[in-house]
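Examination of the molecular architecture
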Amino acid sequence: WLQTWKRRRFRVVGPSLVAYNDVTKRAIAKIDLRKVIAVEDDRSPVLSPASGVSTRSQFDDDRLCGVEHAFRLVIDSRPDQDIVFFADSDNEKQRW
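In what follows, the accompanying structure is described. This structure is a prediction, so every number in the text was calculated from the model and none was measured.

Each aromatic ring pair is characterised by the separation of its centres together with the angle its planes make. Considering all chains together, one arrives at 2 aromatic pairs under this definition. Considering the side-chain rings of Phe-10 and Phe-85, the 5.4 Å spacing of their centres and the 70° angle between planes classify their relative orientation as edge-to-face. Taken together, the residues Phe-10 in strand 1 (residues 9–13) and Phe-85 in strand 7 (residues 83–86) connect sequence positions 75 residues apart. You can call Phe-10 partly exposed: its relative accessible area is 27%. With a centroid separation of 5.6 Å and 15° between ring planes, the pair formed by Phe-71 and Phe-85 is classed as stacked. In this pair, Phe-71 sits in strand 6 (residues 70–75) while Phe-85 sits in strand 7, placing the two residues 14 residues apart along the sequence. When sorted by exposure, Phe-71 lands in the same class as Phe-85, which is buried. Members of the aromatic cluster, joined through ring pairs, are Phe-10, Phe-71 and Phe-85.

And the structure:
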């Protein structure tokens, strides 16, 4: 598990969330949002847009790394595929 954080710029392109390199401005990663089954926030599950239920009961504290304003995209019911994000403020996190 990665223990460091790096700020990335993202843009929604069709059904994907695309990360860009700050220097080259080239796409460096793509997340297929159609595979996201839930969003988890502040150790409480948020309902899945597809099913209305979450597949997990709460955040694993070790995965949050103690970062404020963190949330996780749960992808395809596989914990090794989850992606944790954080925002600079609660307002920004809500916009996500």
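Still more ground to cover, so stick around.
What follows is about the pattern of salt bridges. One pass over the structure, following the stated rule, counts 5 salt bridges. For Arg-34, the salt bridge goes to Asp-32, with nearest N and O atoms at 3.0 Å. Judged by relative accessible area, which is 22%, Asp-32 ranks as partly exposed. Between Glu-40 and Arg-72 there is a salt bridge, and its shortest N-O distance comes to 2.8 Å. With Glu-40 in strand 4 (residues 36–41) and Arg-72 in strand 6, this residue pair connects regions lying 32 residues apart in the sequence. Its relative accessible area of 1% is what places Glu-40 among the buried residues. Of the residues examined, Arg-72 reaches a relative accessible area of 2% and is grouped as buried. Each of Glu-40, Arg-72 and Asp-82 takes part in a single network of salt bridges with overlapping partners.

Inspection of the secondary structure puts Arg-8 in the segment before strand 1. Residues Arg-8 and Ala-19 lie 11 residues apart in sequence; the distance between their C-alpha atoms is 6.3 Å. Sequence-distant contacts of Arg-8, defined by excluding residues within four places in its chain, comprise Ala-19 and Ile-28.

Take the pairing of strand 6 next. Counting buried positions over the 6 residues of strand 6 gives 6, a clear majority of the element. Because side chains alternate across strand 6, one face comprises the buried residues Ala-70, Arg-72 and Val-74, and the other comprises Phe-71, Leu-73 and Ile-75, equally buried. With 5 bridges joining them, strand 4 and strand 6 adopt antiparallel strand pairing. Looking at the pairing, Glu-40 lines up with Arg-72 of strand 6. Here 4 bridges tie strand 6 to strand 7, and the two strands are oriented antiparallel to one another. What sits directly across from Arg-72, in strand 7, is Val-84.

The rules we used
Residues numbered from 1 in each chain as written. Predicted model: local features only at pLDDT ≥ 70, side-chain atom pairs only at ≥ 80, totals over all residues. Heavy atoms only, no water. Phe/Tyr/Trp six-rings, centres within 6.5 Å; stacked < 30°, edge-to-face > 60°. Helix = DSSP H or I, 4+ residues; strand = E, 2+ residues; numbered from the N terminus. Buried < 20%, exposed > 50% of the residue type's maximum accessible area, 1.4 Å probe, protein only. Salt bridge = Lys/Arg side-chain N within 4 Å of Asp/Glu carboxyl O. Contact = heavy atoms within 4.5 Å. Pairing = 2+ DSSP bridges.

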